[in-house]
Amino acid sequence: MDDFQTWLTNRDRAEKTVAGYLADLGHFSRWFEQTNGEPLIPKALTPTDIREYRGWMQARKSQPSTINRHLAAIRAYSAWAIETGQTASDPTRGIRQAEAQKLAPKWLDRKQQRDLVQAAEAALNTAKTDPAKRIAQRDVTIIKTLLHTGLRVGELCTLQIDDLELSPKKGKIIVRQGKGEKRREVPVNAEAREAISKWLELRGRDAGLLFSSQRGDGITGSGIHRRLAELGRIANAEVHAHTLRHTFAKNLIDAGVGLERVAALLGHSNLNTTRIYTTPGERDLEAAVERLAG
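Here, residues in each chain are numbered from 1, in the same order as that chain's written sequence. Predicted model: local features are reported for residues with pLDDT of at least 70 only, side-chain atom pairs are reported and counted for 80 or more only, and whole-chain, interface and lining totals are derived from all residues. Where side-chain values are given, they derive from all heavy atoms of the structure, hydrogens and water being excluded.

A. Representation of the pairing of strand S2 (residues 171-175) in the model. Taken across its five residues, S2 has four buried, putting it largely inside the fold. One ladder, built from three bridges, connects strand S1 (residues 164-166) with S2; its direction is antiparallel. Bridged to leucine 166 within S2 is glycine 171. A pair of strands counts as paired when DSSP detects no fewer than two bridges linking them. Where helices and strands are cited, they refer to DSSP runs of H or I of at least four residues and of E of at least two residues respectively, numbered from the N terminus. Sheet topology places S2 next to strand S3 (residues 184-187); four bridges connect them, and they run antiparallel. Among the inter-strand pairings, isoleucine 173 is bridged to a residue of S3, identified as valine 186. Exposure is judged per residue with a 1.4 Å probe applied to protein chains only, and the accessible area is read against the type maximum: over 50% gives exposed, under 20% gives buried, and values in between give partly exposed.

B. Spotlight on the pattern of salt bridges. Note on definitions: salt bridges are taken to be side-chain nitrogens of Lys or Arg within 4 Å of carboxyl oxygens of Asp or Glu. Enumeration according to the criterion identifies 17 salt bridges in this entry. With its nearest N and O atoms 2.7 Å apart, the salt bridge here joins glutamate 155 to arginine 152. Where aspartate 206 meets arginine 203, a salt bridge forms, and the shortest distance between an N and an O atom there is 3.5 Å. Given the relative accessible area of 48%, aspartate 206 is considered partly exposed. One salt-bridge network, in which partners are shared between bridges, spans Arg138, Asp139, Arg227 and Glu230.

C. Up close: unusual backbone geometry. One non-glycine residue with positive phi stands out, namely aspartate 12, at about 60°. Summarising the element assignment, aspartate 12 is placed in the loop between helix H1 (2-10) and helix H2 (15-36). Residues other than glycine seldom take positive phi values, yet asparagine 236 does so here, at roughly 60°. Take asparagine 236: its relative accessible area is 69%, and that puts it in the exposed class.

D. Representation of the confidence of the model for the protein in the model. For the protein, per-residue confidence averages 89 on the pLDDT scale, and residues scoring 70 or more make up 93% of the total. Values of pLDDT, which run from 0 to 100, indicate the predictor's confidence residue by residue. Averaged over each element, pLDDT in the protein is lowest for helix H13 (residues 282-290) (64) and highest for helix H5 (residues 110-126) (96).

E. Fine view of the sheet that holds S1. Strand order in the open sheet made by the three strands is S1-S2-S3, with antiparallel pairing throughout. Every interior strand has two partners, whereas the edge strands, S1 and S3, have only one. When strand polarity is set aside, the average angle formed by the axes of neighbouring strands in this sheet is 20°. Here, axes are lines fitted to C-alpha atoms. For helices the fit covers the stretch in contact, and angles between N-to-C directions go from 0 to 180 degrees.

F. Representation of the packing of aromatic side chains in the model. Any two of the Phe, Tyr and Trp rings considered here, Trp counted by its six-membered ring, make a pair once their centres fall within 6.5 Å; the pair's planes then place it as stacked at under 30 degrees, edge-to-face at over 60, or tilted in between. Overall, the coordinates contain 11 aromatic pairs when judged by the stated rule. An angle of 20° between the planes, with centres 6.2 Å apart, marks the rings of phenylalanine 4 and tryptophan 7 as stacked. Linking phenylalanine 4 with tryptophan 7, this pair stays in helix H1, spanning three residues, or about one helical turn. The pair phenylalanine 4 / tryptophan 7 is uniform in exposure class, with both members buried. Among the aromatic residues, those joined into a cluster by ring pairs are Phe28, Trp31, Phe32, Tyr53 and Trp56.

Pasting the structure below:
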């Protein structure tokens, strides 16, 4: 495992990806030893083992995404074994992914978007102390920024004042290290500019992180998720940061924006990643069936 971990790290895999691969491979390794009565080593691994493991996970009703994540870890392990000369053939060759009906990611419809913003604005209007008003304005700004820029939550948490370029008529956010350490620039529309400007009046325009917690240190992804979940419950919608990113993309697609532009705004390097937003979502299918009702 240590050699495999070093191999992954040397290929610039993200720390979170490396940890995920090791955890999933550990799960497979325990299954392998219990099933075969011997520890997992590269030369002992066969395509039959992998197919049986996939079937075992399916029988336990694991989600296809979970199964495919485990298969990805095994593929990486096999690639390492081949490259280091521990096996001559790839046991994952020909192993199919677990399939599921492809639906678009969850997003908020227009009413849910309005209800979420109104819930955040109501908290601002009823705030009685300066600290409460500051947190409420921050929450309104976070929601509108995510809805109108599609930033990842990690990108939002690390956003610096120096990453903003705002004027009364235009603006942009510079994402200096997005996923894969890619830089991109995201335009900021009038609604998001107004919210950010109001937040800056409270926060001040000195350098540093754009958003902070109640203690004054940087806000975390889990902190944002908690606040969005609380406001989502008020708005009667299940909300987290990625929901708002998906909503941003869905709104663009529905407005007729081409996939290439949507991909550029989201920071996708592969159009197939963006194309999922053109796939009907659950509510799209529900609406289609409802048209049949008299």
